[in-house]
Structures are given as structure tokens and as C-alpha cells.
Amino acid sequence: MTDKELFNELAYKRKNVYENLSEQEYKEMFELCDEYREFLDEGKTERECVEKSIEMAELHGFKNINSVKQLKTGDKVYKINRNKNILLAVIGSEDIKNGVNLVGAHIDSPRLDLKQNPLYESNDMALLKTHYYGGIKKYQWTAIPLAMHGVIFTKEGKKVTLNIGENENDPVFCVTDLLPHLAKDQMTKKMIDGIEGENLNILIGGMPVKSEDVSEKVKFAILKHLNEKYGITERDFLSAEIEIVPAFKAKNVGLDESFVGAYGQDDRVCAFTTLKGIFAVQNPKKTALAILVDKEEIGSTGNTGMLSAFFEMTLAEIIEKINGNCTITDYNTTIENSACLSSDVGAAVDPNYESVYEKRNAAFAGCGMVLMKYTGARGKSESSDASAEFVYEIGKILDDNGVIWQTSELGKVDQGGGGTIAQYVANLNMDVIDCGVPVLSMHAPFEVTAKSDVYMAYKSYVAFYNNR
């Protein structure tokens, strides 16, 4: 063996997925990503993602767990929490006390939320006040077409669902920005201060009613429109959940269509591949679970975030419906023998901003699914640091099943960082590692992923479910 051959055998080198795909795999990849783009267009909010997930699950034979009294090997069930979480399960042939295989992703994404009392008039225009949700660069949300999604309850208790701006003939909305001719002061500010949160106000109308009896004529015209079309009044906004999201559709990016560009790929790219992964499971040994959660972008708090008891309560219900009861010992044994892939995105090296990455330990678009042993910031703070044993176990499963993967951390050590749901799963006493798709322009209104990495994430979850 020459030194070159020996070096190639001893040294580690990441692979480019596209250079290692067969013609059949290329076909599967493009078909998967066509379906993925449809998923993104139909699920721009947590509620919409859950609705779409239920539709997909039922087509694959899953039933609502509330309709099932007893669970046996091969059964497929799902559980909903407040229309913002879904947990899916395929019951395995082994005793559930041997542990479950869990993949967890989140379905909330950075956006603008309407305030509770949002509508006002200024300078003969009607606008809506917002409060941004999650970590955004505020300037990216100005001067782009926006859509309005959400639910409002009328005084009589009627639920009204809004989805305005997605159809070709729908109006869209926007946050206006200052023209460069008058932006001297604005452009001398730091980028973080260039657009203030209180100025992310949505333009919603500008046509006044022809009346001398009303002072706010444009606001009155908007209220009349909302009442006539949807039966709602201004008071109904007090209890509403209205999310403002980019109005554009998911697109193929590049002349070779090698990328997907869309809003909300963090983390719906992992939610979609998680769903497709559990749908591919047939007669597993260990019970397979998939959970899609809310509120990750703001700390996983609340009764729909990973910090809620939803997962624990549903797992206990599954154990009880398998065994006839669920003792605390059975539950604890199940948890400690279980393993989780925290299905969340990583940061792909951006050729325009290479200086913030330590490239030996960074993810590259097109080089496969990314395993992140730890996330966090400032010395791995707020991170789950997977053990060597578990990293080896997952890596071997991926290798044995032809998955091309890479490892990464989130930028240079002192540059920044971030967190996922992994730390909260680990707190339950379960092995967990972050595992997902590298993303370009993360948290922007238009994020970019390589189709090869989407495909490898899907293959990763299938391999994990079927082989651990």
C-alpha cells in the first residue's frame, strides 16, 4: 500500500452526496423534494402543519389513539395536543420496556405575530401592529410580500380560519421600508438597530369610507370588510392567533434545481423527513415514535413546547394501552432504554460569509445529513452533549445503511450558537443527538437547503427506526 493509499484509508474526508447517488436515488430524491415543497406551501403555521400531518398519517393507516382501546404489534396511532403538536407511533414487536426509537422535530418558525389590539390608522393608511416571534433579522421582513394565517373566534364562539395572500388572486401585505434617498440616518445605524421591532407594522389598507360621521375612515373601511367577509369585529382580535408569514411559494433553486428555497425550512424540513421516515416503518422491533412540537424558537416553553408533559403523558398512555397498565417503573425503564434523534437543522457554510465558520467542524450543503454532538453557546451552555457510545451507535447505523452524513457545530466557538429540543429530551434520561439538514440563510424569510441533504435526512430516520 502506498502512502497515498494509506493516508486515504486513515484520514477522514466528507463526501458529496450527488457524486455518490445512483440514477434511481436521483429519481427518489427529486420526487421526495417535490412532495416536500408542497408540504411547505400547505403548512406555514404550526396548526397547518399538524392538519397536514394528520392528513398524511391517515393516508398511511394511522388512527387517532383516542379511538383505540388496546395497542398491539404493528398498530399505527397518532395523538394531537391543542392542534399544535402531533405524536405518531408504530408499535413494535419487542417489549416496550426495551425502549422506543424517537425522532423529534419542531414546526414553529420565526415570523411576525399580530398584537392583541393591532389595527390602527395613520396618514390615511390602515396598519397592523406586530410582535416578532423567534430570532429574526428585522430588516429582512420589510418590503416583501406577506400573507396572513391564523384563527379568530367571534363573540358568539364561531371559529374563523384566515389564510390570505397565498392564492394567486389574493391580496398580500407588507412592511414598508424607508427609501434610500431619505435613509442617511437609518443607514448609519448598526444593522440590529436599523429596523425597530415596533416599526414592523403591516400595511393592510388605504381606501377610506365616504362618510363624515367617522374620524378613522380607512380603519372603519377595513373593519367593515372584515365584518362583511368573515363576521369578525375589532374586539375579536383580542383572542386571535394571527401569524404573518412570507407569501411566496417554495421554489427550486439553481439552474440544476439542486436546492429548495422556501420560508420555514427551519425546522419543517426535519418535520417532513421525520414524517416520511415513520411512514416507511413496517413491523419494527422497537416501537417507533415521531413527535412534532411547537415553541422551539422561543425556548420550547408552554403547553405545546417540548418542555410540556405532552410527550411523557402520551408515552404513558401508549404503555398502558399495550400492557393494560403503566407503572412508574415500567415508564422509567422504557425511557432509560430509549433513544432520540433531535431532528433539527444545522448551519451550512455560506461562501459569502466563511469567516464565521470553523470549516473543519462545519456542515456543507450537499454533503449529507448532519450530526451535531452538541449545540449550545459560550462553552456548550444550554446544550445536550451526546456520549461517545451513542454517537458511535448512530454513526454505525447510518454507515451500515448507506447514509452519507457529516458532523458540525454551530459556527466558531466564540461566534455564537443555538439550542434545540435535545437538552429537554436528555433531561428525561434518554440518549439523544441532534441530527438534521444543513441550511443556508437560516431564519430568513427564504431559506435554502440542498435536495441531497433532505434525501439523506429521510434515509437517516428510516435507518434509525428500522435498525436500532
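Keep in mind it's a predicted model, so treat the numbers as computed, not measured. (Residues numbered from 1 in each chain as written. Predicted model: local features only at pLDDT ≥ 70, side-chain atom pairs only at ≥ 80, totals over all residues. Heavy atoms only, no water.)

Asker: Just give me the short version of the side chain of Ser343, but keep the residues and values in it.
Answerer: Locating Ser343 in the fold gives a position in the loop between β14 (339-342) and β15 (346-347). Overall, the relative accessible area of 1% leaves Ser343 in the buried class. Among the polar contacts made by the side chain of Ser343, one reaches the side chain of Thr274 at a distance of 3.3 Å. There is a polar contact of 2.7 Å between the side chain of Ser343 and the side chain of Tyr461. Leaving out residues up to four positions away in the same chain, Ser343 has contacts with Val103, Gly104, Ala105, Asp267, Cys270, Thr274, Cys435 and Tyr461. (Helix = DSSP H or I, 4+ residues; strand = E, 2+ residues; numbered from the N terminus. Buried < 20%, exposed > 50% of the residue type's maximum accessible area, 1.4 Å probe, protein only. Polar contact = N/O pair within 3.5 Å; in protein donor to acceptor, adjacent residues only side chain to side chain. Contact = heavy atoms within 4.5 Å.)

Asker: Give a detailed account of the environment of Gly135, specifying residues and quantitative values.
Answerer: As for its placement among the helices and strands, Gly135 is situated in the loop between β6 (125-133) and β7 (146-153). Taking relative accessible area as the criterion, Gly135 reaches 40% and is therefore assigned partly exposed. Sequence separation between Gly135 and Ser67 is 68 residues; the distance between their C-alpha atoms is 39 Å. Apart from residues lying up to four places away in sequence, Gly135 is in contact with Pro110 and His443.

Asker: I'd love a proper account of the packing of helix α3 (residues 46-59) against helix α7 (residues 265-279), names of residues and values included.
Answerer: Following both chains from N to C, one finds α3 and α7 inclined at 15°, their axes separated by 11 Å at the closest point. Judged on the interaxial angle alone, α7 and α3 are roughly parallel. Here α3 and α7 pass one another in a crossing that is right-handed. Packed against α3, whose contacting residues are Glu46, Cys49, Ser53, Met56 and Ala57, the element α7 presents Arg268, Phe272, Leu275, Lys276 and Phe279 at the interface. For the contact of α3 with α7, the residue count by class is 6 nonpolar, 1 polar and 3 charged. (Axes fitted to C-alpha atoms, helices over the stretch in contact; angles between N-to-C directions. Parallel < 35°, antiparallel > 145°, perpendicular 65-115°, else oblique. Left-handed = near helix turned anticlockwise from the far one by under 90°. Nonpolar A, V, L, I, M, F, W, Y, C, P; charged D, E, K, R; others polar.)

Asker: Explain α3 residue by residue, including any values.
Answerer: Across its 14 residues, α3 extends 20 Å between first and last C-alpha, which sits within 8% of the 20 Å expected from 1.5 Å per residue. With 10 of 14 residues buried, α3 is to be regarded as a mostly interior element. Within α3, the full set of buried residues consists of Glu46, Arg47, Glu48, Cys49, Val50, Lys52, Ser53, Ile54, Met56 and Ala57. Gly61 sits one or two positions beyond α3 and adopts a positive phi of about 90°. (Expected span 1.5 Å × (residues − 1).)

Asker: How would you explain the sheet that holds strand β5 (residues 111-122) if you had to name every residue and give the values?
Answerer: Spatially, the 6 strands line up as an open sheet ordered β8-β7-β10-β5-β6-β9, and their pairing is antiparallel. This sheet does not close on itself; its edge strands, each paired only once, are β8 (159-164) and β9 (202-205). Between one strand and the next, the sheet's axes are offset by a mean angle of 30°, whatever the strand orientation. Along the sheet, helix α6 (residues 217-230) contacts β5, β6, β8 and β9; its crossing angle with β5, the most-contacted strand, is approximately 125°. (Pairing = 2+ DSSP bridges.)

Asker: How would you sum up empty space enclosed by the protein? Please name residues and give values.
Answerer: Inspection of every chain in the model, using the stated rule, returns 1 cavity of 30 Å³ or more. Empty space within the largest cavity amounts to approximately 30 Å³. Contributing to the lining of the largest cavity are Ser109, Pro110, Trp141, Tyr263, Gly264, Asp266, His443, Ala444 and Glu447. (1 Å grid on protein atoms, 1.4 Å probe; cavity = no way out; pocket = protein on both sides within 12 Å on 5 of 7 lines; lining within 4 Å. Points joined across faces, edges and corners; volume = space filled by probe spheres on them.)

Asker: Could you give an account of the pattern of salt bridges, naming the residues involved and the relevant values?
Answerer: Side chains carrying opposite charge are able to pair once their charged atoms draw close together. Counting across every chain of the model gives 27 salt bridges. Here Lys52 and Glu55 are joined by a salt bridge, their closest N and O atoms 3.4 Å apart. A residue pair is termed a helical-turn pair when its members lie 3 or 4 positions apart in one helix, as Lys52 and Glu55 do in helix α3 at 3 residues. Taking relative accessible area as the criterion, Lys52 reaches 13% and is therefore assigned buried. The class for Glu55 is partly exposed, based on a relative accessible area of 42%. A salt bridge links Glu354 to Lys359; the nearest nitrogen and oxygen atoms lie 3.3 Å apart. Judged by its relative accessible area of 36%, Lys359 is partly exposed. Counted as one network, the salt bridges with shared partners bring together Glu46, Arg111, Asp113 and Glu243. (Salt bridge = Lys/Arg side-chain N within 4 Å of Asp/Glu carboxyl O.)

Asker: Can you lay out the nonpolar core for me, pointing to particular residues and giving the numbers?
Answerer: Generally speaking, a soluble globular protein has its nonpolar side chains buried in company with each other. By size, the foremost hydrophobic cluster in this structure holds 59 residues, and its most contacted members are Leu88, Ile278 and Ile394. Top contributing element to this core by residue count: helix α12 (residues 451-467), with 8 residues. Not counting residues within four places of it along the chain, the set of residues in contact with Ile278 comprises Phe62, Leu88, Ala89, Val90, Ala288, Leu289, Ala290 and Tyr465. Formed by 34 residues, the second largest nonpolar core is a distinct cluster that contains Leu119, Leu128, Leu223 and Tyr263. (Core = buried A, V, L, I, M, F, W, Y, C linked by side-chain atoms within 4.5 Å.)

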